[in-house]
Amino acid sequence: MNAMVAASDEQMDVLDALVTMARDIERSIDGMQAARDGVLTLANRLALSMAEDAGGADAADLTLRSVSAELATALRVSDRTIQRRMADADLKVERFPAVWAAQGAGRISAGRSRVIADAGLYIDDVRARAAYAERVLEFAEDESPNRLRPIAQRLAQQYQPRSMDERHAQARQSRSVWVKDQGEGMAELGILGPAALVHGAFERLTAMAKAVARAGNNPGPADCPSAGDAVADHGCADEGYGAADAGAERGESGCRTDADHPTHDARGTIDPRTLSQTRADLALDLLLTGVPGGHDTADGLLSAITANISVTVPVTSLMSEGGPEAELDGRCPIDPGTARKLAGAASGWDRVLTHPITGGVLAVDRYRPSEALKRHLVGRDQRCRFPGCGMPARQSDLDHTKDAAFGGPTDDDNLAVLCRRHHVLKHHSPWHLRQLGDGLLEWTSPTRRVYIDKPPSPNTVTFTDDTAPDRPSGAPDDSDAGERTADPWVTVPESLLAPF
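What this report covers is the structure whose coordinates are included nearby. Predicted, not measured: the structure shown is a model, and the values here were computed from it.

Considerations on the environment of F139
With respect to the element layout, F139 can be found in helix 6 (residues 126–140). Residue classification places F139 among the partly exposed positions, given a relative accessible area of 35%. Linking F139 and I151, residues twelve residues apart in sequence, is a C-alpha distance of 8.1 Å. Apart from residues lying up to four places away in sequence, F139 is in contact with L148, I151 and L155.

Here we look at unusual backbone geometry
A positive phi is found at R76, a non-glycine position, where the angle reads about 60°. Looking at where R76 falls in the secondary structure, it is placed in the loop between helix 2 (57–75) and helix 3 (79–95). Despite not being glycine, Q382 shows a phi value in the positive range, around 65°. Here Q382 shows up in the loop between helix 15 (372–381) and strand 10 (397–400).

Things to note about the packing of aromatic side chains
Taken as a whole and judged by the stated rule, the model has four aromatic pairs. A ring pair is formed by F386 and W431, whose centres lie 5.1 Å apart and whose planes are at 70°; its orientation type is edge-to-face. With a gap of 45 residues between them, F386 in the loop between helix 15 and strand 10 and W431 in the loop between helix 16 (420–428) and strand 12 (432–437) connect regions that are remote in the sequence. Both residues of the pair, F386 and W431, count as buried. Put simply, the rings of F386, W431 and W443 touch in pairs and so form one group of aromatic residues.

Considering the sheet that holds strand 14 (residues 450–453)
Read across the open sheet, the three strands follow the order 12-13-14; overall the sheet is antiparallel. In this open sheet, the two edge strands, each paired with only one partner strand, are strand 12 and strand 14. Within the sheet, the average angular offset between the axes of one strand and its neighbour, ignoring direction, is 25°. Here strand 12 runs beside strand 13 (residues 440–444); their pairing, made up of five bridges, is antiparallel. Note that in strand 13 the partner of L433 across the bridge is W443.

The rules behind each value
Residues numbered from 1 in each chain as written. Predicted model: local features only at pLDDT ≥ 70, side-chain atom pairs only at ≥ 80, totals over all residues. Heavy atoms only, no water. Helix = DSSP H or I, 4+ residues; strand = E, 2+ residues; numbered from the N terminus. Buried < 20%, exposed > 50% of the residue type's maximum accessible area, 1.4 Å probe, protein only. Contact = heavy atoms within 4.5 Å. Phe/Tyr/Trp six-rings, centres within 6.5 Å; stacked < 30°, edge-to-face > 60°. Pairing = 2+ DSSP bridges. Axes fitted to C-alpha atoms, helices over the stretch in contact; angles between N-to-C directions.

See the structure below:
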């Protein structure tokens, strides 16, 4: 091998020093993460102590929400994330103290401690759990998380007092589906469920994708019994089947795998999609148009439900190829082509009128007007207005800042979009909300910290004074508009402006 044969002694010394520095820094980071887990565990215990004084399960839940919100706003992250971290930290510190101590000492990484905790989650006996942790730590210092996982699972089985059926019944309670936004107008849909069903769904998608390939007599992945099928049917990488497919190479027989072989449709025309891409298209097609036969009611209640998304697109982007990108639910960009197709097929549009200079929302209307105020607030707020929360407005509530029962008006200066979690938090915890005008919300936490939440900037086109369109003939002079309409944000201290 020729790699690094020409490296000088000085270069190798530098490399050795870099490796040592990287290892020491990683150990320091692991130790700090363990210290953070300790702080979050104390916060979790404090919340439970407060809840015990108040009494009741509802009090415990609201107290946990309030404490996690207090931490989250100070750390500029979602309170859901903080509450999840608090639970994870408490599990590690309470149930696996030796593992937590090993991470704090820099002996193992946070990833390896998470693997150990996950594998031993259902060991309820304290002594058995301690014995399991002691044995698995012997391997943890020398193995990567991926190599440690099967070892930890194997050792955990020896200390399990319950049968696999009992543990699986409990694990099924955590089944869920989630969405994670990616770049370039893409998003990731994840699902956690019983292994037999998830693998069965994947194999069905694979069979459908291969059938699409066979329809055009394509001698590609559907008929090639070497590496392509081996990866699609049996290969399993740490990143999942999709990653294994994407990285598959040519098999020994010379056939190309699904990662680089185009398919044909029923008419014999070339389909440039790989097996993985066809599988993804089929999955979305089934989810968006299929009927859940195992859950639908006799009158077809579920089959009547259709997908609903909100897309904001500047009118200049609809008129030409250029212009700003469209946005999906105010959360992530989508490509202009998809935005134009959705706009062309929409039965009605919400028109959001914005100020040409500041971009602020002036009004929201519709060709068929209905619930004008609600449309205005959804267009203005776009998502939950609690600091750090990104729940879309269409999945949230409209809340009276000052309760209507106490004289609070139903207008845009007293209404704001809050998700159900933060709607309940506002009414049943010491968190206090006040509206400052023009959509600015002032949140005061139980510890008297103040956070200002600004409405998100609309996805629109703005003009500077130099590029502002000419005023029509006879229009009133608005050169002093800036003096008449002061920007309310200017009066808010910069330290209070939350960057959400």
